[in-house]
Structures are given as structure tokens and as C-alpha cells.
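Structural overview for review
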Amino acid sequence: MGGTFDPVHLGHLHAAQYAREEFGIEKVLFMPAGLPPHKDNICLSDAAHRFNMVALSVKGNRYFGVSDFEILSRDTTYSIDTVKEIKSHMQDGAVLYFIIGADTAPFVKTWKSHTELEQLVTFIVVSRRGNEVKRNILKNCEILNAPVLEISSTEIRARIKEGKSVKYTVTDAAQNYIRDNALYGFYSSLYPKITRHLKTVLSERKFTHTLGVEKEAVRLCQMFGGNEEKARVAALLHDAAKNMPSDEKLAACKKYGIKLDSVLKSQPNLTHQFIGAKIAEDLFGITDSEILNAIKYHTTGRKNMSHLEKIIFVADCTEPYRSDYDGLAEIRAAAKESLDRAILVAIKFSIEYVKAKGQPLHPLSLEALEFTIQEGK
Ligand SMILES: [Fe+2]
Ligand SMILES: [Fe+2]
């Protein structure tokens, strides 16, 4: 069963299940297309993502499998080549079915080496119940009358972009994958909402700083890798609680169950990182733990930070609109080398800073420092 699977949805799985039972098929092999010859003007998602979503969606069904044959081939793949490849692994006399939609069937005649293809496979044309498909549409074909689920990948992508749910149209695993990798503009509908909110809760200076962190986080992703969409969301929300008056911060900590240790009690401002993460969850429905943790530890850092946590931590220090402070030039220079190096320098400077002010350093920062030094050895 071939397709772009951008993304794979329950309609695909349902058709495969029907076909398998109807024709006693031993195994349905899903074949995500690499560069399909018939869709060359369409911008496809990264092949690895499309493959992973299929793999996750068929996991646990021993009658279903996925092949990376087409996505791993560098050139445009033609069905004839794929079919020959699959055939070469099959026992003599075994039947190879090729499951296609009724909308694709009329075009098979335009495919490369279609006559040979029609000899090598038996097509299964999935037809909507009640919609007649002529049996002679292809030389060697079976018509599968199944209740076709009216789900389309195009519509799924559009819904995601609008911030709508795609639950019940794709598997839960695919849905989580789409969220975790911020595919199909997963967060694009949130940007205007977040920006509107920030304008009401942040000073002009902080708002500008926030946009600077967003810009810097994207730049760091381009330099060191990382998911730009997720970096943007984390950057935008990292200081969402920064301008709350102290009493409101304490009230928010109580509301969200944030425990106050002795350092937080003496420096309530530090709580803004924890409250920020809760705001992201509470007001904007963000559930991605990577984004939430990047907000949650952006000031103190912690040991074993994720890549996104590092990006936000460093971007917060080095964003382009920052007015000069002790260590800025050194941190920026270190950030040209690596994120870890920048974190090390940044924490060392903040130790100097809190010492000069006679304040204690948060234990999370000490852990981050020790861990980064150890890792660097
Ligand atoms: Fe902050
Ligand atoms: Fe900040």
C-alpha cells in the first residue's frame, strides 16, 4: 500500500485492514513514497517524519508493516521498481497485491511500465460502498467495497495549522508524534494569541527582550540544530510571568503548587521560570514537556539539560536587544563555539553576580554548573 502518508490516517489503516481480511493477505506493507513522480509540485514533509508516523501507527499489528525502500532511494521512485524489489523477496507463486484508491486507479495507465506492472501485481481498488468502479479499470484487479472513511491528509494538515484537534482521524501515537515534532505548523495558530497576551502582561522592554530571545533561539537552532517551532514557542513564553508583582508571583506559586525553597523565598523573582511553564500549560494548552521544561529552567538551568533547554537558556543571555552586562561579550563568544560552553560561562558570571549582591545561588544552577563541567571533561 503506497502513499505519501503526510500524515498516515485512520482511513489508510482502515482500508488496509479491510483489504487484508477480504483477500486473506498475509501482510500489508505500507510504503511511504520518497519523491513520488505524480506529486512533484507538492511540498512533502520530511520523509523520516512520514515514515516514523506510519511505523508508530502500525506498531503492535503483526499483519501490518512499513518499508523504507522508497524513502531511502535518492531518485524518484517508480512503482514498477518498488514492486520488483518486493517481488524479489517473495516466494515463487506468492501473490503481490497493490492496494490503491479508486481515485488513483484511472491514472495507473500513465505510470512507468504499467503493462509490466499489471502483470506483476493484482491491484486492489478501494472503492466507496455504492460507488461503482468498473472491474476492467485495470487488467488485473479486484474491487474492494469498503466503507471508506472520509478522512484526508490535506484536511488534517489544515486542521493542525488552525490549532484544531485531529483526534480520531489519526492514531494517538501519530498525534503525539505530530505534537512532539511540531509538524504541519502545529503552533502557528498560537503565535498571535501568545503575542496578544504578552503585550498585556509585559513591559515594553521585556516584550522587546522576548522577541529578541525568539529571534536568537531560532538562530541557535539553525546553528546547532533543534526544532525551530518549539524554540519559538518556548522563547515567546519564557518570561510570561517576569513582570508579575512579587505578591502575585507568590499567589501564582500557591495556585500552581510550586514549592518555595529558601532561595526562592529570598528571591521571588526566580519563580517566574516555574510560573511561566504553568502559564504555557494553563493558558495556552501546551503539553510538550520539552517546551515546558525549557521555560521552567531558563534562568537557573539544571543538570542534564535537553537541547531545547540549552537553546532557550543561552538565547536568553545572548539575544540581540540585550543592553550590555558583565559577561555578555564572553557568553556570546562562547555561544559561537557550543551551547555547553556558553552555559558554563553564563553560570560562572551569574555566580559572580549573586555573590556581589550577597545572594545565594539556586541549587539548580550549582547542579547545572557541576554537570556541565563534568560533561566537558
Ligand atoms: Fe527570565
Ligand atoms: Fe528572559
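What counts and what doesn't
In this convention, every chain numbers its residues from 1, walking through the sequence in written order. Here chains are named by letter from A upward and ligands by number from 1 upward, in the order in which they appear as written. Local features are withheld for residues below a pLDDT of 70 in this predicted model, meaning they are given only at 70 or higher, and side-chain atom pairs are given and counted only at 80 or more; totals for whole chains, interfaces and linings count all residues. Water and hydrogen atoms were dropped before computing side-chain values, which therefore reflect all heavy atoms in the structure. Segments assigned H or I by DSSP are reported as helices when at least four residues long, segments assigned E as strands when at least two residues long, and all are numbered from the N terminus. Under the scheme applied here, a residue whose accessible area is under 20% of the maximum for its type counts as buried, over 50% as exposed, and between as partly exposed, the area being computed with a 1.4 Å probe on protein chains only. Throughout, a residue-residue contact means that at least one pair of heavy atoms, one from each residue, lies within 4.5 Å. Two N or O atoms form a polar contact when they lie within 3.5 Å of each other; inside protein one atom must be a possible hydrogen donor and the other a possible acceptor, and for residues adjacent in sequence the pair counts only when both atoms belong to side chains. Salt bridges, as used here, are contacts in which a Lys or Arg side-chain nitrogen is within 4 Å of a carboxyl oxygen on Asp or Glu. These domain limits were set by an automatic method or by a database of domain assignments. The quantity reported as buried area is the accessible area (1.4 Å probe) lost by two parts once they are put together, taken as the sum for both. Throughout, the ten residues Ala, Val, Leu, Ile, Met, Phe, Trp, Tyr, Cys and Pro are labelled nonpolar, Asp, Glu, Lys and Arg are labelled charged, and all others, Gly among them, are labelled polar.

With that settled, the discussion passes to unusual backbone geometry. Pro7 follows Asp6 through a cis peptide bond whose omega is 0 degrees. For Pro7, the position within the fold is in the loop between strand S1 (2–3) and helix H1 (10–23). Positive phi, normally seen in glycine, also occurs at Ser113, with a value near 50 degrees. Residue position: Ser113 is located in the loop between strand S4 (97–101) and helix H5 (114–120). We classify Ser113 as partly exposed; its relative accessible area is 31%. Of note, the phi angle at Tyr184 is positive, near 55 degrees, even though the residue is not glycine. Counting through the fold element by element, Tyr184 comes out in the loop between helix H7 (172–180) and helix H8 (190–201).

Moving on, we come to helix H10 (residues 228–237). Taking burial as the measure, the 10 residues of H10 include 7 buried ones, the bulk of the element. Within the span of H10, buried status applies to Lys230, Ala231, Val233, Ala234, Ala235, Leu236 and Leu237. Those residues of H10 hidden inside the fold are in contact with H7, H8, helix H9 (204–224), helix H13 (272–284), helix H14 (289–296) and helix H15 (307–318). The backbone nitrogen of Glu229 lies 3.1 Å from a side-chain oxygen of the residue at the head of H10, namely Asn227.

Moving on, we come to the pattern of salt bridges. Applying the stated criterion across every chain, the model contains 15 salt bridges. In this structure, Lys206 and Asp239 form a salt bridge, with 3.7 Å as the shortest nitrogen-oxygen distance. Taken together, the residues span a long stretch of sequence, with Lys206 in helix H9 and Asp239 in the loop between H10 and helix H11 (246–256) at a distance of 33 residues. Pair check on accessibility: Lys206 and Asp239 agree, each one buried. The shortest N-O distance in the salt bridge between Asp340 and Lys310 comes to 3.0 Å. Within this pair, whereas Asp340 is found in helix H17 (residues 339–356), its partner Lys310 is found in helix H15, the two being separated by 30 residues in sequence. It is possible to trace a salt-bridge network through shared partners that takes in Lys230, Asp288 and Glu290.

Here the protein chain is described as being made up of domain 1 (2–184) and domain 2 (187–376). Look at where the C-alpha atoms of domain 1 and domain 2 centre, and you get two points 43 Å apart. The partner domain 2 presents 8 residues to the 7 residues of domain 1 that form the contact. Between domain 1 and domain 2 lies a buried interface of about 560 Å² when both sides are counted; carbon and sulfur atoms form 41% of it. The interface formed by domain 1 and domain 2 contains 0 salt bridges. Scanning the region where domain 1 abuts domain 2 turns up 3 residue pairs in polar contact (both at pLDDT 80 or more). Partitioning the side of domain 1 that touches domain 2 into residue classes produces 1 nonpolar, 2 polar and 4 charged.

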